Amino acid sequence: MHKGRMEAFSDGVIAIIITIMVLELKVPHGGHDLNALVPLIPVFMSYILSFVYVGIYWNNHHHMLQAAKSVNGRILWANLHLLFWLSLIPFVTAWMGENHFSQWPVACYGFVMVMNAFAYSILSNSLIKHEGKNSNLSKAIGEGTKGMISVGLYLTAIALSFVNPWISFSLYVLVAVIWFIPDSRIEKTMEQE
């Protein structure tokens, strides 16, 4: 099957996810100076982090699908699985921000991030299986060391959220920093064709 519809659907869902997140940013009522914004700092910090994460997933999803030639039913379901976990980001973002980085919201944020990482891995493995072990996509993705490091940091952050949620938040930021620059391996592999 051609991959175009899956890409368009994914782009639409991701755009809706970002829209839902920004709609959670409420205008302060009861103040007209900058002090009225101070209670919103945790909400805005959560939004920024999640916006970056959604952007990272969109960027890497885009690169990965550019390297793929076609999709099949298994890939469509794997993509829906990823979109499901991405769609939970606005919920955990709002819960974490509105509760000023309390233990359970921070832990649940990490759980959703772990599940996104697993879902992305399932999608990439499905694409590689479909394209073949010797495909450009397989060569470009490689062993997924960054993904394994990310999952380890997420799991550490979940455990530490019950000790100090701010350490966990810092680890979530660290994972975002690790992934912020798109993986150039796919672009390099595509250029060699």
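Residues numbered from 1 in each chain as written. Predicted model: local features only at pLDDT ≥ 70, side-chain atom pairs only at ≥ 80, totals over all residues. Heavy atoms only, no water.

All right, on to the overall build of the protein chain then. When you go through the protein chain residue by residue, the secondary structure sums to 9 helices and 0 strands. Relative to the globule expectation of 16 Å for 193 residues, the C-alpha radius of gyration of the protein chain, 18 Å, shows essentially globular dimensions. Once the C-alpha set of the protein chain is aligned to its principal axes, its extents read approximately 60 × 35 × 30 Å. Out of the 193 residues in the protein chain, the part that is buried amounts to 44%. Considering only intrachain contacts with a sequence separation of at least 6, the fraction spanning at least 24 residues in the protein chain is 82%. Accessible surface, the protein chain as shown: approximately 10400 Å² in total, 68% of it carbon and sulfur. The distance from the centre of the 11 positive side-chain charges to the centre of the 11 negative ones in the protein chain is 11 Å. (Helix = DSSP H or I, 4+ residues; strand = E, 2+ residues; numbered from the N terminus. Rg over C-alpha atoms; globule rule 2.2 N^0.38 Å. Buried < 20%, exposed > 50% of the residue type's maximum accessible area, 1.4 Å probe, protein only. Contact = heavy atoms within 4.5 Å. Areas by Shrake-Rupley, 256 points an atom, 1.4 Å probe, with all protein chains shown as cover. Lys, Arg positive; Asp, Glu negative; His and termini not counted. Charge placed at Lys NZ, Arg CZ, Asp CG, Glu CD.)

What follows covers the packing of helix α2 (residues 41–67) against helix α4 (residues 89–98). The contact between α2 and α4 brings their axes to 7 Å, and the two run at 155°. For the element pair α2 / α4, the angle class is roughly antiparallel. Of the two possible hands of crossing, α2 and α4 adopt the one that is right-handed. Judged by residue contacts, P42, V43, S46, Y47, S50 and V54 of α2 engage I89, T93, M96, G97 and E98 from α4. For the contact of α2 with α4, the class distribution of residues is 6 nonpolar, 4 polar and 1 charged. (Axes fitted to C-alpha atoms, helices over the stretch in contact; angles between N-to-C directions. Parallel < 35°, antiparallel > 145°, perpendicular 65-115°, else oblique. Left-handed = near helix turned anticlockwise from the far one by under 90°. Nonpolar A, V, L, I, M, F, W, Y, C, P; charged D, E, K, R; others polar.)

Turning to the side chain of S138, a few remarks are in order. Looking at the element boundaries, S138 is found in helix α6 (residues 136–141). Residue class for S138 comes out buried when judged on its relative accessible area of 15%. Within the structure, the side chain of S138 is placed 3.0 Å from the backbone oxygen of K133, a separation counted as a polar contact. Those residues in contact with S138 that lie beyond four places of it in its chain are I128, G132 and K133. (Polar contact = N/O pair within 3.5 Å; in protein donor to acceptor, adjacent residues only side chain to side chain.)

UniProt tags residues 12–30, 36–56, 76–97, 103–123 and 153–181 as "transmembrane region" (unreviewed entry). This span, residues 36–56, is 76% helix and 0% strand, and a straight line between its end C-alpha atoms measures 31 Å. The span residues 76–97 carries 95% helix and 0% strand; its end-to-end C-alpha distance comes to 33 Å. (UniProt positions renumbered as here; feature names shortened; annotations may be inferred.)

This structure, assessed with the given rule, holds 14 aromatic pairs. Seen from their ring centres, Y53 and Y154 are 6.3 Å apart, and the 45° between their planes marks the pair as tilted. In this pair, Y53 is assigned in helix α2 and Y154 in helix α7 (residues 145–160), connecting sequence segments 101 residues apart. Y154 carries the same exposure label as Y53, and that label is buried. Among the aromatic residues, those joined into a ring-pair cluster are Y53, Y109, Y154 and Y172. Sitting over the ring of W179, K146 keeps its end group 4.5 Å from the ring centre. (Phe/Tyr/Trp six-rings, centres within 6.5 Å; stacked < 30°, edge-to-face > 60°. Lys NZ or Arg CZ within 6 Å of the ring centre and 35° of its normal.)

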